[in-house]
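Okay, here's what each chain looks like letter by letter:
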Amino acid sequence: MTKTAKLYRMVMDKHVCPYGTKSKWLLEREGFAVEDHHLTTREETDAFKAEHGVKTTPQTFIDGKRLGGYTELRKHFGHDKKDDGGKSYTPVLAVFAVGAALAVALSLFVYQSPFTVRTAEWFIAFSMAMLAMLKLQDVEQFSTMFVGYDLLGQRWVPYAYAYPFLEATAAVLMAGRNLPWISIPVALTIGTIGAVSVFYAVYIQKRDIKCACVGGSGNVPLGFISLSENLAMIGMGIWMLLRPAL
């Protein structure tokens with residue numbers, strides 16, 4: 001027997017509610033036949049809200065019971081099971097995965113081999129660049145999070161504003177092995193300060209706080225992965241000192 005759900009969503013000439021579209025898709029993916037009711041005017045939408053005592057649309061009904069909007073629908077089907085306050089390493093892991101894929105692709109193009117010394121170098125440089133880009137989306141928010149645990153940032157706030165620019169500069173220069181007299185000192189300095197700060201906050205003070213590594217766009221807990229980012233910068237700087245040219 002086919003399961004049926006009633007969906008009420010805004011579909012107007014100049015606005016189609018994205019959550020309504022996603023609710024319909026989710027219901028169909030879960031095997032429901034959807035009775036798709038369009039709310040085509042603002043007056044019709046307001047009347048629906050008043051009738052059902054809700055503040056938002058879309059609204060989904062299954063077996064005569066109102067489940068709610070898209071967020072409630074996801075929870076109903078078990079897609080949002082979070083018991084840690086929404087903390088997730090997904091944003092930074094996504095950066096590392098894309099960085100690795102780019103490094104392998106470039107190595108294949110240049111050296112006809114997916115795994116070379118340059119693959120590792122590009123992986124670190126590309127990952128640093130993307131992490132810096134995320135921080136640069138909102139430097140003000142990043143700096144606020146950053147001074148919460150960075151030892152130098154707490155003592156000299158301008159460093160918190162400069163950090164994403166320094167990281168981006170070092171990453172871009174390291175990707176092409178350009179101006180090593182700039183990139184190496186910058187990577188070693190910010191990497192060392194960062195590693196010490198994260199280690200102190202997480203393993204000495206035992207603090208449970210958000211990492212600023214992806215800017216303000218995610219809720220990545222400060223911990224091992226945050227420490228790894230800084231250790232990678234230190235390692236890259238030391239590697240380039242030991243092998244200044246390939």
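Residues numbered from 1 in each chain as written. Predicted model: local features only at pLDDT ≥ 70, side-chain atom pairs only at ≥ 80, totals over all residues. Heavy atoms only, no water.

Draft legend 1. Here's a closer look at the overall build of the protein chain. A tally of regular secondary structure across the protein chain gives 10 helices and 4 strands. Taken from the N to the C terminus, the helices and strands of the protein chain come in the order β-α-β-α-β-β-α-α-α-α-α-α-α-α. Relative to a compact globule of 246 residues, whose C-alpha radius of gyration would be 18 Å, the protein chain shows 24 Å and is clearly more extended. Each principal axis of the C-alpha atoms in the protein chain carries an extent, and together these give about 70 × 50 × 35 Å. (Helix = DSSP H or I, 4+ residues; strand = E, 2+ residues; numbered from the N terminus. Rg over C-alpha atoms; globule rule 2.2 N^0.38 Å.)

Draft legend 2. Structural context of the sheet that holds strand 3 (residues 59-62). Strand order in the open sheet formed by 4 strands is 2-1-3-4, and the pairing between neighbours is mixed. The open sheet terminates on both sides in strands that have one partner only, identified here as strand 2 (32-39) and strand 4 (65-68). Going from strand to strand, the sheet's axes swing by 25° on average, the running direction of each strand aside. Examined bridge by bridge, strand 1 (residues 3-10) and strand 2 share 8 bridges and lie parallel to one another. In the strand pairing of strand 2, Met10 is matched with Leu39. (Pairing = 2+ DSSP bridges. Axes fitted to C-alpha atoms, helices over the stretch in contact; angles between N-to-C directions.)

Draft legend 3. Geometry of the nonpolar core. Grouped together as the largest cluster of nonpolar side chains are 42 residues, with contacts concentrated most on Met128, Phe146, Tyr149, Tyr163, Met174, Val214 and Leu222. Elements supplying a minimum of two residues to this core: helix 4 (90-111), helix 5 (117-136), helix 6 (139-146), helix 8 (158-175), helix 9 (180-204) and helix 10 (224-242). Here Phe146 is in contact with Tyr159, Ala160, Tyr163 and Ala212, once residues within four sequence places are set aside. In this structure, Leu26, Phe32, Leu67 and Phe77 belong to the second largest nonpolar core, which totals 10 residues. (Core = buried A, V, L, I, M, F, W, Y, C linked by side-chain atoms within 4.5 Å. Buried < 20%, exposed > 50% of the residue type's maximum accessible area, 1.4 Å probe, protein only. Contact = heavy atoms within 4.5 Å.)

Draft legend 4. Representation of the packing of aromatic side chains in the model. If you walk through the whole model with that rule in mind, you get 13 aromatic pairs. Of note, Lys3 hangs over the ring of Phe32, and the distance from its end group to the ring centre comes to 4.5 Å. (Phe/Tyr/Trp six-rings, centres within 6.5 Å; stacked < 30°, edge-to-face > 60°. Lys NZ or Arg CZ within 6 Å of the ring centre and 35° of its normal.)

Draft legend 5. Molecular detail of the pattern of salt bridges. In this structure the tally under the stated criterion is 6 salt bridges. Among the ionic pairs, Arg177 bridges to Glu121, the shortest N-O distance being 2.8 Å. On the criterion of sequence distance, the pair formed by Arg177 in the loop between helix 8 and helix 9 and Glu121 in helix 5 is long-range, its members being 56 residues apart. Grouping residues by exposure puts Arg177 and Glu121 together as buried. If you follow the salt bridges from partner to partner, you end up with Arg118, Glu121 and Arg177 in one network. (Salt bridge = Lys/Arg side-chain N within 4 Å of Asp/Glu carboxyl O.)

Draft legend 6. Expanded view of the side chain of Lys49. Relative to the helices and strands, Lys49 is located in helix 2 (residues 42-52). In this structure Lys49 is buried but unpaired, with Asp46 as the nearest side chain of opposite charge at 4.6 Å. Excluding anything up to four places from it in sequence, Lys49 contacts Arg42, Val54, Lys55, Thr56 and Thr57. (Lys, Arg positive; Asp, Glu negative; His and termini not counted.)

Draft legend 7. Layout of the pairing of strand 4. Sheet analysis places strand 3 next to strand 4, joined by 3 bridges and oriented antiparallel. Bridging from a neighbouring strand, Thr60 pairs with Gly68 of strand 4. Between strand 3 and strand 4, which pair antiparallel in sequence order, lie 2 residues; one of them, Asp63, sits at a positive phi of approximately 55°.

Draft legend 8. Expanded view of helix 10. Compared with an ideal rise of 1.5 Å per residue, which puts 19 residues at 27 Å, helix 10 spans 26 Å between its outermost C-alpha atoms and is within 8% of the ideal. In this structure, the buried side of helix 10 is in contact with helix 4, helix 5, helix 8 and helix 9. (Expected span 1.5 Å × (residues − 1).)

Draft legend 9. Representation of the environment of Ala160 in the model. Positionally, Ala160 belongs in helix 8. The spatial distance from the C-alpha of Ala160 to the C-alpha of Phe146 is 6.3 Å, given a sequence separation of 14 residues. Setting aside its immediate chain neighbours within four residues, Ala160 contacts Phe142, Ser143, Phe146 and Val147.

Draft legend 10. A look at helix 5. In this model helix 5 runs 29 Å from its N-terminal to its C-terminal C-alpha over 20 residues, within 8% of the 28 Å that 1.5 Å per residue would give. Along helix 5, 14 of the 20 residues are buried, which leaves the element largely enclosed by surrounding structure.

Draft legend 11. Layout of unusual backbone geometry. The residue after Thr57, namely Pro58, is reached through a cis peptide bond having omega 10°. The phi dihedral of Asp63 falls on the positive side, at around 55°, and the residue is not glycine. Turning to its location among the elements, Asp63 is positioned in the loop between strand 3 and strand 4. According to the relative accessible area criterion, Asp63 is exposed, its value standing at 78%. For Lys206, which is not glycine, the phi dihedral falls at a positive 60°. Mapped onto the fold, Lys206 is located in the loop between helix 9 and helix 10. Among the residues examined, Lys206 registers a relative accessible area of 64% and is labelled exposed.

The values are spatial; any link to function lies outside them.
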